[in-house]
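# Observations on the three-dimensional arrangement
Residues per chain, in single letters:
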Amino acid sequence: MWKVAMSEEVGKAVQSVLERVKQAAARRPKTLPAVPPRLVAVSKTKPPEMIVEAYRQGQRNFGENYVNELVDKASDPLILESCPEIKWHFIGHLQKNNVNKLLGVPNLFLVETIDSAKLADKVNSSWQRLRGAGSQRLKVMVQVNTSGEQNKHGLPPEDTVNTVKHIVSQCSALHFSGLMTIGRYGYDLTLGPNPDFQMLLSRRQEVCEGLKLPMEEVELSMGMSTDFEHAIEVGATNVRVGSIIFGNREYPNSALNTPNPSPLPSPAPSPEKTAKTVSEEAAKKMHHLTVSEH
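Conventions and cut-offs
Residues numbered from 1 in each chain as written. Predicted model: local features only at pLDDT ≥ 70, side-chain atom pairs only at ≥ 80, totals over all residues. Heavy atoms only, no water. Helix = DSSP H or I, 4+ residues; strand = E, 2+ residues; numbered from the N terminus. Buried < 20%, exposed > 50% of the residue type's maximum accessible area, 1.4 Å probe, protein only. Contact = heavy atoms within 4.5 Å. Areas by Shrake-Rupley, 256 points an atom, 1.4 Å probe, with all protein chains shown as cover. Pairing = 2+ DSSP bridges. Salt bridge = Lys/Arg side-chain N within 4 Å of Asp/Glu carboxyl O. Right-handed = clockwise from strand over helix to strand, strands pointing away. UniProt positions renumbered as here; feature names shortened; annotations may be inferred. Axes fitted to C-alpha atoms, helices over the stretch in contact; angles between N-to-C directions. Parallel < 35°, antiparallel > 145°, perpendicular 65-115°, else oblique. Left-handed = near helix turned anticlockwise from the far one by under 90°. Nonpolar A, V, L, I, M, F, W, Y, C, P; charged D, E, K, R; others polar. Phe/Tyr/Trp six-rings, centres within 6.5 Å; stacked < 30°, edge-to-face > 60°. Lys NZ or Arg CZ within 6 Å of the ring centre and 35° of its normal.

## A look at the overall build of the chain
If you tally the helices and strands in the chain, you get 12 helices and eight strands. Looking at the 294 residues of the chain, the share that counts as buried comes to 50%. Considering only intrachain contacts with a sequence separation of at least 6, the fraction spanning at least 24 residues in the chain is 67%. Within the structure as shown, the chain displays about 13900 Å² of accessible surface, and the carbon and sulfur contribution to it stands at 53%.

Here you go:
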């Protein structure tokens, strides 16, 4: 369980990743908007103590994939007391029946996974009802399935502009912040820039031209532990990094947050967990490749 040594490891890891983020941003072409990348520390399956330690190192943005787990952590007394300025990002698939539960989370900062106009409408009406007309608009991103894989959530790329237009024109309680993708795993950078990232870049271009939005105001959330540096170099403004900060995840044998676990089969591994099957060596190889490209 929790150990003092682990606390030190988390602190060192946060500082190391922040330095790598900074260096990757310095390698970006000057043609890209000079938006400092935001590091989202993905803390799913990790205890509150680890989040508090990362927070002590200056980390403020944390991402969770499961609504129940985010609800539990965001209301945990230790986190409420120790992390008053925490900013929670929801980065998992959001089902309509969980919207109200998610929107009740204290310090909810950004929902990165809006994948349909209908879901946007539900989030919009729920936010108005729960927080009141005078409340600050909720930041949201539109998730795009850039790889076209059946097991990935996100809307088809060709629906991006219309969905963003719907949010901007019809969802007065929401603030459209940008586009998000998970993308295909294990892409070999020796083949050239990641096509999923290139796809998101082109969709942003279409959105900005079609809706007359400034490029620097439309964020790109792409890149995880194995490829966040490359993602930043090509334009990511928001990267979601978990395992290299908090270590590999341990999944229980039953559904998350079940008070009395029953002998059910394990839930299918989430996309982010699947990505961790990419070896450390591959991650290092990618790191060297992205550095040597410049």
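## Concerning the pairing of strand β1 (residues 38–42)
Taken across its five residues, β1 has five buried, putting it largely inside the fold. Neither face of β1 is open: one carries R38, V40 and V42, the other L39 and A41, and all of them are buried. Two elements, β1 and strand β2 (residues 61–64), share two bridges in a ladder whose sense is parallel. Note on β2: the bridge partner recorded for V42 is G63.

## Things to note about the pattern of salt bridges
Counting across every chain of the model gives 10 salt bridges. Here E64 makes a salt bridge to K73, at a shortest N to O gap of 2.9 Å. Side by side, E64 and K73 carry an identical accessibility label, which is buried. The structure contains a network of salt bridges with shared partners spanning E64, E69 and K73.

## So, the pairing of strand β5 (residues 138–143)
Most of β5 sits inside the fold, with five of its six residues counted as buried. In this view, the connection linking β5 to its parallel neighbour strand β6 (residues 174–180) by way of helix α7 (residues 160–170) has right-handed handedness.

## Overview of unusual backbone geometry
Phi at N107 is positive, roughly 65°, even though this residue is not glycine. By the element assignment, N107 lies in the loop between α5 (99–103) and β4 (108–114). For N107, a relative accessible area of 36% corresponds to the partly exposed category. You will see that K212, though not glycine, has its phi angle at about 55°, which is positive. If you trace the backbone, K212 turns up in the loop between α8 (195–211) and β7 (219–221).

## Side note on the UniProt feature "modified residue: N6-(pyridoxal phosphate)lysine" (unreviewed entry) in the chain
Those residues carrying the UniProt feature "modified residue: N6-(pyridoxal phosphate)lysine" (unreviewed entry) are K44 in this numbering. By secondary structure assignment, the location of K44 is in the loop between β1 and α2 (48–56). Residue class for K44 comes out buried when judged on its relative accessible area of 0%.

## A closer look at the packing of α7 against α8
For the pair α7 and α8, interaxial distance at closest approach is 9 Å and the crossing angle is 50°. Classified by the angle between their axes, α7 and α8 sit oblique to one another. Both α7 and α8 take part in a crossing whose hand is right-handed. Here T160, V161, V164 and K165 of α7 come into contact with α8, specifically with R203, E206, V207 and L211. A class-by-class count of the residues in the contact of α7 with α8 yields four nonpolar, one polar and three charged.

## Points about the packing of aromatic side chains
In the structure shown here, the tally under the stated rule is one aromatic pair. Aromatic pair F62 and W88: ring centres 6.2 Å apart, planes at 55°, arrangement tilted. Of the two residues, F62 is situated in strand β2 and W88 in strand β3 (residues 87–90); the sequence distance between them amounts to 26 residues. Overall, F62 belongs to the buried group, its relative accessible area being 0%. The cationic tip of R60 hangs over the ring face of Y55; the distance from NZ or CZ to the ring centre is 3.6 Å. In this arrangement the basic side chain of K152 is found over the ring face of Y185, its NZ or CZ atom lying 4.3 Å from the centre.

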